[in-house]
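One letter stands for each residue in the lines below.
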Amino acid sequence: MNANKSKVLSILAIELMNDYTLQAGEAVQGSNFVKTCIVESVAHLINKCPDKTLLYSHSKNVYLAIVKDIHYENDIMALKQLIKQLKSPININGVEYLPCPKIGFVSRYIEGNENAKELIRFATSALIQIRGTRHPYIAYNEKEDNLLQNKFKLMSDLPRALKNSEEIRLYFQPIIDSKSEQCIELECLLRWKHPELGNISPFSIISWIEETPLMQDLTLRVIDLAIEAAQVLSTENMFPKIAVNLSCYDLYFDKIHDKLKLATLAISSGQLIAEITETALIKDLDTIAIGLKNLRDLGINIRIDDFGVGQSSLSYLTKLPAHSIKLDQSFLRQIEADPANLKISAGITTIAKELGFDVIIEGVECAKDYQITQYIQPSCIQGYHIAKPMPISKVVHWLKCNQFKQEKDVKGYLTMTTII
Ligand code: C2E
Ligand code: CA
Ligand code: CA
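So, how was this worked out
Residues numbered from 1 in each chain as written. Chains lettered and ligands numbered in written order. Predicted model: local features only at pLDDT ≥ 70, side-chain atom pairs only at ≥ 80, totals over all residues. Heavy atoms only, no water. Donors = N, O, S within 2.8 Å, 3.2 Å for Na, K, Ca; no water. Helix = DSSP H or I, 4+ residues; strand = E, 2+ residues; numbered from the N terminus. Buried < 20%, exposed > 50% of the residue type's maximum accessible area, 1.4 Å probe, protein only. Phe/Tyr/Trp six-rings, centres within 6.5 Å; stacked < 30°, edge-to-face > 60°. Lys NZ or Arg CZ within 6 Å of the ring centre and 35° of its normal. 1 Å grid on protein atoms, 1.4 Å probe; cavity = no way out; pocket = protein on both sides within 12 Å on 5 of 7 lines; lining within 4 Å. Points joined across faces, edges and corners; volume = space filled by probe spheres on them. Near = heavy atom within 4 Å. Polar contact = N/O pair within 3.5 Å; in protein donor to acceptor, adjacent residues only side chain to side chain. Areas by Shrake-Rupley, 256 points an atom, 1.4 Å probe, with all protein chains shown as cover. Sits in = over half its atoms within 2 Å of the grid points. Core = buried A, V, L, I, M, F, W, Y, C linked by side-chain atoms within 4.5 Å. Axes fitted to C-alpha atoms, helices over the stretch in contact; angles between N-to-C directions. Parallel < 35°, antiparallel > 145°, perpendicular 65-115°, else oblique. Contact = heavy atoms within 4.5 Å. Nonpolar A, V, L, I, M, F, W, Y, C, P; charged D, E, K, R; others polar. Pairing = 2+ DSSP bridges. pLDDT = per-residue confidence, 0-100. Salt bridge = Lys/Arg side-chain N within 4 Å of Asp/Glu carboxyl O.

**Quick look at the coordination of the calcium ion (ligand 2)**
In step 1: In this structure, Glu187 (OE), Asn245 (OD1), Glu275 (OE) and Asp305 (OD) serve as the protein donors to the calcium ion (ligand 2), at separations of 2.2 to 2.3 Å.
In step 2: Distance-wise, the calcium ion (ligand 3) is placed 4.1 Å from the calcium ion (ligand 2), both being coordinated by aspartate 305. With glutamate 187 in strand 9 (residues 183-194) and aspartate 305 in strand 13 (residues 301-307), the pair connects residues that are 118 residues apart, well separated along the chain. Here the two residues glutamate 187 and aspartate 305 agree in accessibility, since each one is buried.

Dropping the structure here:
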């Protein structure tokens, strides 16, 4: 496109006050305070935007500015000056408010009838990307927008997928006892094969839906699938423990509690493990501790997953009704970076075991990692080196031929002196 012949149009989606400040401001200072802050910010906006800018209120705290003849991507200084103005402190009856505006924008050379609606969507999509980051502004990015659209599509497709047995499945990853090297447990890991978008990472799914009612539906399905798997295994005379991952939000729902109760009938007593991530505990330790205690009272083993990512404090573990902890994969990765971390991991494991917790090490990817575990001496080991997550039919086969022991290549192992 010939930039000289075409006109420049920029659309800015400007968040004058973030949602939390807006709600907290209304709760603490009242809605008039918030309204006045917004009005003052809009005045700053009018002051700094070029003449003929069209300004629209998009929502309570977001305004749209349609600006002609400035290509903000090429004129970042203009954007910085606008932000500087919007950041000016606002004083209302002695209460000072320091605005922290964010701008998502799109700038285009346009010819004829450009789809203005689409450009507005681009600007608001950019604003969504910038929320939660420390950046004050961001330009529209098609790749990020596609991710956002896919995320939205996935969230709206999930209810249908939950009814479709082909799409949502569980894979199972063996966990072995570190001394006997026998598989004593399987961790259930969610798999979603979307018909158009392919395999979707469970971590992404959970982080998107965790605070929505979909989380509950998903966990109910996961528990059903875990029960089905336990039944398949029992027909083969195999009774490994079954570990399911729970979101901390699951602990607030009676339906999940009831479903887990059902699971304890299908999976023999003490064989069911609920894994909950350590970072989740920070959110609301007291309430989560009650939820976990309720599960423990059902005979479910409680495990703190990804231990070491959050506070890594062993002392608060004693306040929880947990039976075991799973050291996060990052422990092993840090040992690779600095062998001094080996002693830290071993120390944590020793103390946790002395406090009565079983300790599982995850992310054991290779022979070297496995050798490291010999030094750390956890209770159990999990990782690609033992086995990758697999569908239940493959697990049955894997268990039947005790595959890890067969594949273990002792000669390939490193000695501890090469690691420490
Ligand atoms: P997680 O619970 O920590 O599960 C372990 C993750 O590490 C799994 O990823 C597993 O496939 C992967 N993994 C296992 N061994 C190794 C290894 O040796 N090396 C490496 N690099 N990775 C290994 P996955 O299946 O992608 O799951 C990611 C996360 O998604 C899980 O982390 C868990 O937090 C969450 N998740 C999975 N399924 C469920 C579920 O049914 N419910 C909930 N609430 N969360 C789930
Ligand atoms: Ca887990
Ligand atoms: Ca983990």
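**Description of the packing of aromatic side chains**
Working definition: an aromatic ring pair is given by the centre-to-centre distance plus the angle between the planes.
In step 1: The final tally for this structure, using the stated rule, is two aromatic pairs.
In step 2: For the pair tyrosine 72 and phenylalanine 105, a centre-to-centre distance of 6.3 Å together with 70° between the ring planes defines the contact as edge-to-face. Remark: phenylalanine 105 occurs in strand 6 (residues 102-110) and tyrosine 72 occurs in the loop between strand 3 (62-68) and helix 3 (76-86); sequence separation between them is 33 residues.
In step 3: The interplanar angle of 10° and the centroid separation of 4.0 Å between the aromatic rings of phenylalanine 122 and tyrosine 140 together place this pair among those described as stacked. Taken together, the residues phenylalanine 122 in helix 4 (residues 116-130) and tyrosine 140 in the loop between strand 7 (137-139) and helix 5 (142-162) connect sequence positions 18 residues apart.
In step 4: Just above the ring of tyrosine 384 sits the side chain of lysine 388; from NZ or CZ to the centre is 4.8 Å.

**Notes on the layout of surface pockets**
In step 1: Of the pockets and cavities examined, the largest pocket occupies roughly 1100 Å³.
In step 2: Every residue lining the largest pocket is counted, 38 residues in all, and those nearest its centre are Phe203, Asn245, Thr277, Asp305 and Asp306.
In step 3: When contributions to the lining of the largest pocket are tallied by element, the ones reaching two or more residues are strand 8 (168-177), strand 9, helix 6 (202-209), helix 7 (214-235), strand 11 (241-246), strand 12 (272-277), helix 9 (278-283) and strand 13.
In step 4: Among the elements that make up the lining of the largest pocket, the one with the highest residue count is strand 9 (five residues).

**A closer look at the site of ligand 1**
In step 1: For ligand 1, the set of nearby residues contains 23 residues, the closest of which are Gln173, Arg191, Gln329, Glu365 and Tyr384.
In step 2: Here an oxygen atom of ligand 1 and a side-chain polar atom of asparagine 245 are 3.1 Å apart.
In step 3: A distance of 3.1 Å separates an oxygen atom of ligand 1 from a polar side-chain atom of aspartate 305.
In step 4: For ligand 1, the protein covers 85% of the area, taking 800 Å² as the surface of the free molecule.
In step 5: With respect to the detected pockets, ligand 1 is housed in the largest pocket.

**Examining the nonpolar core**
In step 1: Core analysis: the largest hydrophobic core is formed by 82 residues, its most contacted members being Leu158, Leu260, Leu295, Ile304 and Leu320.
In step 2: Broken down by element, the residue count for this core peaks at twelve residues, all from helix 7.
In step 3: Core analysis: the next-biggest nonpolar cluster, separate from the first, contains 27 residues, Leu12, Phe33, Tyr63 and Ile90 among them.

**Quick notes on the packing of helix 6 against helix 7**
In step 1: Where helix 6 contacts helix 7, the two axes come as close as 9 Å, and the packing angle between them is 140°. When the interaxial angle is binned, helix 6 and helix 7 end up oblique. Facing Ile205, Ile206 and Ile209 of helix 6, the residues of helix 7 in contact are Leu214, Met215 and Leu218.
In step 2: Of the residues in the contact of helix 6 with helix 7, the class split is six nonpolar, no polar and no charged.

**Some details on the sheet that holds strand 3**
In step 1: Sheet architecture is open: five strands sit in the order 2-3-1-6-7, paired in mixed fashion. Each of the sheet's edge strands pairs with one partner strand only, and the pair in question is strand 2 (54-57) and strand 7. Neighbour-to-neighbour, the strand axes of the sheet open up by a mean angle of 20°, direction not taken into account.
In step 2: Sheet topology note: the strand 1 (residues 7-15)/strand 6 ladder contains nine bridges and is antiparallel. The residue of strand 6 that forms the bridge with isoleucine 11 is valine 106.
In step 3: Of the strands in this sheet, strand 1, strand 3, strand 6 and strand 7 are in contact with helix 4, which crosses strand 6 at around 145°.

**Overview of the confidence of the model for the chain**
Low-confidence regions, as indicated by low pLDDT, have predicted coordinates that should not be scrutinised in detail.
In step 1: For the chain, per-residue confidence averages 90 on the pLDDT scale, and 94% of positions sit at 70 or higher.
In step 2: The lowest-confidence element of the chain is helix 16 (residues 403-407), averaging 68 in pLDDT; the highest-confidence one is strand 16 (residues 380-382), averaging 98.
In step 3: Predicted confidence for residues 410-420 stays below pLDDT 50, and this span has 20 contacts to residues more than four positions away or in other chains.

**Description of the pattern of salt bridges**
As a working rule, side chains carrying opposite charge can pair if their charged atoms are close by.
In step 1: Throughout the structure, instances matching the rule amount to 16 salt bridges.
In step 2: For the salt bridge of glutamate 236 with lysine 400, the shortest nitrogen-to-oxygen distance reads 3.1 Å. With glutamate 236 in the loop between helix 7 and strand 11 and lysine 400 in helix 15 (residues 392-400), this pair connects stretches of sequence that are 164 residues apart.
In step 3: Assessed through its relative accessible area of 33%, glutamate 236 is described here as partly exposed.
In step 4: A salt bridge links glutamate 275 to lysine 326; the nearest nitrogen and oxygen atoms lie 2.9 Å apart. Residue glutamate 275 is located in strand 12, and its partner lysine 326 is located in strand 14 (residues 324-327); the two are separated by 51 residues in the primary sequence.

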